[in-house]
Amino acid sequence: MFHPFPDIAASATGRDFLSSASSGNRLIDALIQTLSSTPRDKTGKQMKNLILMALYNISINQKGLKYLSDKKILPIVGWILQDEQEADVVLNTLRLVQSLIMEPQSPTITLEALEAIPLKLLESLSQDRNQEVKATAMEILSDLQPLHKEE
């Protein structure tokens, strides 16, 4: 069921449908719910990875970004970052976070990221052996640290 979903979310037309149509919204809701309850086995990790890629693709659409922001997805994403060891899942989670916080029109989601994702965790990930995880975590840190000092 989940494999074609990232492909649909990768096209502009698919992203627009998913973030605008009620049936698309229901599918996003189901994916978010599934993301929070995937098993920790190999199949669960693969499913989690596909869902994260799809949500990332949705987040690059303005309507999709707003929809995901309204769904308060960051606590789930923060939990995944704290719990997950697989580099590819961590990387796709970080990419989703980066996409969510990079949009200047959604400052509240950036503040939510500061609450959901400990800076110490991002600092730890910025020292990861995986170069992509390391680089992405460093970019997110550079975006969030100035805001953290303002609090």
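Just so it is clear, the model here is predicted, and its values are computed rather than measured.

Peer 1: Tell me about the nonpolar core, and please be specific about residues and values.
Peer 2: By size, the foremost hydrophobic cluster in this structure holds 43 residues, and its most contacted members are Leu-55, Leu-74 and Leu-94. Looking at this core, the elements that each hand over two or more residues are α3 (22–35), α4 (42–59), α5 (62–70), α6 (74–83), α7 (87–102), α8 (107–116), α9 (119–125) and α10 (131–150). In terms of residue count, the dominant contributor to this core is α7 (eight residues). With residues up to four places along the chain from it excluded, the contact list for Leu-74 reads Val-97, Leu-100, Ile-109, Glu-112, Ala-113, Ala-116 and Ile-117.

Peer 1: Give me α7: which residues, what numbers.
Peer 2: With 16 residues, α7 extends 22 Å between its outermost C-alpha atoms, agreeing within 8% with the 22 Å of an ideal straight helix rising 1.5 Å per residue. All of the buried residues in α7 are Val-89, Val-90, Leu-91, Asn-92, Thr-93, Leu-94, Leu-96, Val-97, Gln-98, Ser-99, Leu-100 and Ile-101.

Peer 1: Kindly report on the packing of α6 against α8, identifying the contributing residues and their values.
Peer 2: With their axes 9 Å apart at the nearest point, α6 and α8 run at an angle of 35° to one another. Two packed elements cross with a definite hand, and for α6 against α8 that hand is right-handed. Side by side, α6 and α8 meet where Leu-74, Pro-75, Gly-78 and Gln-82 of the first sit next to Ile-109, Glu-112, Ala-113 and Ala-116 of the second. Residue composition of the contact of α6 with α8, by class: five nonpolar, two polar and one charged.

Peer 1: Which residues make up α3, and what values go with them?
Peer 2: Between its terminal C-alpha atoms α3 stretches 20 Å, which fits the 20 Å expected from 14 residues at 1.5 Å a residue. When we look at burial in α3, the residues that qualify are Gly-24, Asn-25, Ile-28, Leu-31, Ile-32, Thr-34 and Leu-35.

Thresholds applied
Residues numbered from 1 in each chain as written. Predicted model: local features only at pLDDT ≥ 70, side-chain atom pairs only at ≥ 80, totals over all residues. Heavy atoms only, no water. Core = buried A, V, L, I, M, F, W, Y, C linked by side-chain atoms within 4.5 Å. Buried < 20%, exposed > 50% of the residue type's maximum accessible area, 1.4 Å probe, protein only. Helix = DSSP H or I, 4+ residues; strand = E, 2+ residues; numbered from the N terminus. Contact = heavy atoms within 4.5 Å. Expected span 1.5 Å × (residues − 1). Axes fitted to C-alpha atoms, helices over the stretch in contact; angles between N-to-C directions. Left-handed = near helix turned anticlockwise from the far one by under 90°. Nonpolar A, V, L, I, M, F, W, Y, C, P; charged D, E, K, R; others polar.

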